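Coordinate inspection notes
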Amino acid sequence: MFRAPERLDSHYDVVIIGAGGHGLATAYYLARDHGIRNIAVLEKGYIGSGNTGRNTTIIRSNYLTPEGVRFYDRSLALWRGLNDDLGLNLFYSTRGHYTLAHNDATLRTARWRAEVNKHLGVDSRVVGPEEIARALPMMDMSCGGHAPIVGALYHAPGAVARHDAVAWGYARAADRLGVEVHQQTEVLGLQVEGGRIRGVSTTRGNIATDCVISAVAGYTPRILNMAGLTSPIYVHPLQAMVSEPLKPWLDPIIVSGSLHVYVSQTARGELVMGASLDPRELHTPRSTREFVTGLAGHMLDMFPFLAGVKINRQWAGLADMTPDFAPIMGRTPVEGFFLDAGWGTWGFKATPVAGETMAATVARGRNHPLITSFDWERFARFELTGEKGAAAVGH
Amino acid sequence: MKLIPCPLNGLRPADEFVYGGEVRGMPDPAAADDKRWSEYVFHRSGIPSVKREWWYHLPSGYWFVLERDTATDQVLRTWSAQQIAEAGVL
């Protein structure tokens, strides 16, 4: 699908660390929209081997803050045209998205999100138990009797896509525009002189460059450390699991914050399920038995008839968490060093818009208007972009 | 199942415990400028390393300090409340 360049040049105009969706999308939009094509994307594993290939593929824009809603809604607009843009079928499938409320506090947040969404032209509304029961007759509305569903935030544009194809599609499209994607190339250090980025050293040699973009999710603190920076980012594993394939029975995406469940059914019939973060900092994407038993228990509260269904696989990714559940994007205190990070548990849906806005930010040397509330300096200003009500658990 | 050594209860299943965050020193609020204070409030050492952390054994309501390698999840040692006071762990 794309070239595998044999040698690394000694200089590139732009070096992007991380060949996940975000890094590859940034390379693609830099080449397509800004004519910057002398780009190397460095990847220590293989394309899409990080969180791009580990997430549960949910795409939505029903966020809480106006800044978040505008940003993710731009992403949805890009998603809808992405099959044609990239010339690859991404299996983008609009399903509708229910965020279930089991108590008044969750319902209040749902109303808040619905009103912010409507104000910005995003199709979200609060629905009552009767409408939910009609749409989801297979769900136990009492959730085992201990968490009755009192309403939901319904978001019609909610969608899923094939995550691997997103990475491959962006890689191929960027490659065709002249971008070099170097897999099996690990970054060992960054050269910073007088507050400016000057180069990158890798397992395949050194590169001189005045522009580096880091898009490495759970490895962000290690890359920042190479540039002499600390940040609020803290790494926790996020686990997920998938069932054996079933006949199609679940069209929409279902999220329950109270039960720590999000679930959708893939085109292959598998149920893809996730829950909340592992509770402690850890830099190993390991799986645990506690995760499977806990999540399976909550799934059975909602769908008791699944009791005989087998779990096929489980896995984990390393989530780069921020205190306000918003990303950290754009310029950093090191001139020429740009960050696309803090994507925690909410990054897949942002892949196209993160690429588009990071590319514009790098090309123009100033943060794109859609990402100014996600800037590095917001913590020093004590001006956080509180997105926890829409980003935690609900993916 | 992951087991965690508790200074009071011995080896117990990990899901009986609550992670209470890294043990961190607070700068003098009167002396710290805004930048230093914001870094204390928000910034963390996010790279994998050996860290001292607060842990809580929920069934017995017991706080203690634990040293753990965040790269491997290996627990290296623990301190009881009394040892924390005696050893100056904080």
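Quick summary incoming for the structure in this document. All of these numbers come straight from a predicted model, not from anything done at the bench.

1. Regarding the overall build of chain A
Helix and strand content of chain A: 10 helices and 20 strands. Counting only C-alpha atoms, chain A reaches 65 × 40 × 40 Å along its principal axes. For chain A, the residues scored as buried account for 59% of the 395 residues in total. Looking at chain A alone, contacts between residues at least 24 apart form 76% of all its contacts between residues at least 6 apart. In the form shown here, chain A has an accessible surface area of approximately 14600 Å², with 51% of it arising from carbon and sulfur atoms.

2. Brief notes about unusual backbone geometry
Residues and elements named next belong to chain A. Its identity is not glycine, yet Cys143 carries a phi of approximately 45°, on the positive side. Counting through the fold element by element, Cys143 comes out in the loop between α5 (129-135) and β7 (151-155). Assessed through its relative accessible area of 0%, Cys143 is described here as buried. Notably, His260 is not glycine yet its phi reads approximately 55°, a positive angle. Tracing the sequence through the fold places His260 in the loop between β15 (253-256) and β16 (261-265). Under the relative-accessibility criterion, His260 is labelled partly exposed at 33%.

3. Things to note about the layout of surface pockets
Each pocket or cavity is described by its volume, and for the second largest pocket that value is around 660 Å³. If you trace the second largest pocket, you find 25 residues lining it, with Leu277, Asp278, Pro279, Glu290 and Phe291 of chain A closest to the centre. Within the residue set of the lining of the second largest pocket, elements represented by two or more residues are β14 (234-243) and α8 (289-302) of chain A together with β3 (17-22) of chain B. The element best represented in the lining of the second largest pocket is α8 of chain A, accounting for 5 residues. Here the lining of the second largest pocket is built from residues that sort into 11 nonpolar, 7 polar and 7 charged.

4. Remarks on the interface of chain B and chain A
You'll often see interface size given as the accessible area lost when the parts meet. Between chain B and chain A, the residue contacts involve 23 residues of the former and 22 residues of the latter. Together chain B and chain A conceal approximately 2000 Å² of surface at their shared face, both sides included; 59% is due to carbon and sulfur atoms. Where chain B packs against chain A, one counts 2 salt bridges. Within the residue set of the side of chain B that touches chain A, elements represented by two or more residues are β3, α1 (34-42) and β4 (50-57) of chain B. Ranked by residues supplied to the side of chain B that touches chain A, first place goes to α1 of chain B with 5 residues.

5. Topic: the sheet that holds strand β6 (residues 74-79) of chain B
All names here are of chain B. In space, the 4 strands of this open sheet follow the order β3-β4-β5-β6, with antiparallel pairing throughout. Whereas interior strands pair on both sides, the edge strands pair on one side only; in this sheet they are β3 and β6. If you compare each strand with its neighbour and ignore which way they point, the axes differ by 35° on average. As paired elements, strand β5 (residues 62-69) and β6 share 5 bridges and run antiparallel to each other. By the bridge assignment for β6, Glu67 is matched with Arg77.

6. Quick word on the packing of helix α1 (residues 21-34) of chain A against helix α6 (residues 163-176) of chain A
Axes are the key here: two packed helices are described by the angle between their axes and the distance separating the axes. All names here are of chain A. It is the contact of α1 with α6, at a shortest axis distance of 8 Å, that shows an interaxial angle of 30°. Compared by their axis directions, α1 and α6 come out roughly parallel. As for how α1 packs across α6, the hand of that crossing is left-handed. From α1, Gly21, Leu24, Ala25, Ala27, Tyr28 and Tyr29 reach across to α6, where they touch Ala167, Tyr170, Ala171, Ala173 and Ala174. Looking at side-chain class alone, the contact of α1 with α6 contains 10 nonpolar, 1 polar and no charged residues.

Basis of the calculations
The written sequence of each chain sets the order in which its residues are numbered from 1. Chain letters and ligand numbers both follow the written order, the letters beginning at A and the numbers at 1. In keeping with the model being predicted, local features are shown solely for residues with a pLDDT of at least 70 and side-chain atom pairs are shown and tallied solely at 80 or more, while totals for entire chains, interfaces and linings include all residues. Think of the side-chain values as coming from all heavy atoms in the structure, minus any hydrogens and water. The helix and strand labels rest on DSSP assignments: H or I over at least four residues marks a helix, E over at least two residues marks a strand, and numbering proceeds from the N terminus. Exposure classes here rest on a 1.4 Å probe applied to the protein chains alone. A residue is buried below 20% of its type maximum, exposed above 50%, and partly exposed in between. In what follows, a contact means two residues having at least one pair of non-hydrogen atoms within 4.5 Å. Computed with a 1.4 Å probe, the accessible areas rest on the Shrake-Rupley method; for each residue, only the protein chains presented here act as cover. Buriedness for pockets is judged along seven lines, at least five of which must meet protein on both sides within 12 Å for an open set on the 1 Å grid over protein atoms alone, while cavities are sets there where a 1.4 Å probe fits but cannot get out, and lining residues have an atom within 4 Å of a point. Grid points are joined across faces, edges and corners, and a volume is the space filled by probe spheres set on the points. When residue character is reported, Ala, Val, Leu, Ile, Met, Phe, Trp, Tyr, Cys and Pro are called nonpolar, Asp, Glu, Lys and Arg charged, and the others, Gly included, polar. As used here, buried area is the combined drop in accessible area, with a 1.4 Å probe, of two parts when they are placed together. Criterion for a salt bridge: a side-chain nitrogen of Lys or Arg within 4 Å of a carboxyl oxygen of Asp or Glu. DSSP bridges decide pairing: two strands pair if at least two such bridges lie between them. Fitted lines through C-alpha atoms give the axes, limited to the stretch in contact for helices. The angle between two N-to-C directions lies from 0 to 180 degrees. Reported orientations rely on four angle classes, namely roughly parallel under 35 degrees, roughly antiparallel over 145, roughly perpendicular from 65 to 115, and oblique for the rest. Definitions for this section: a left-handed crossing has its near helix turned counterclockwise from the far helix by less than a right angle. A right-handed crossing has that turn clockwise.

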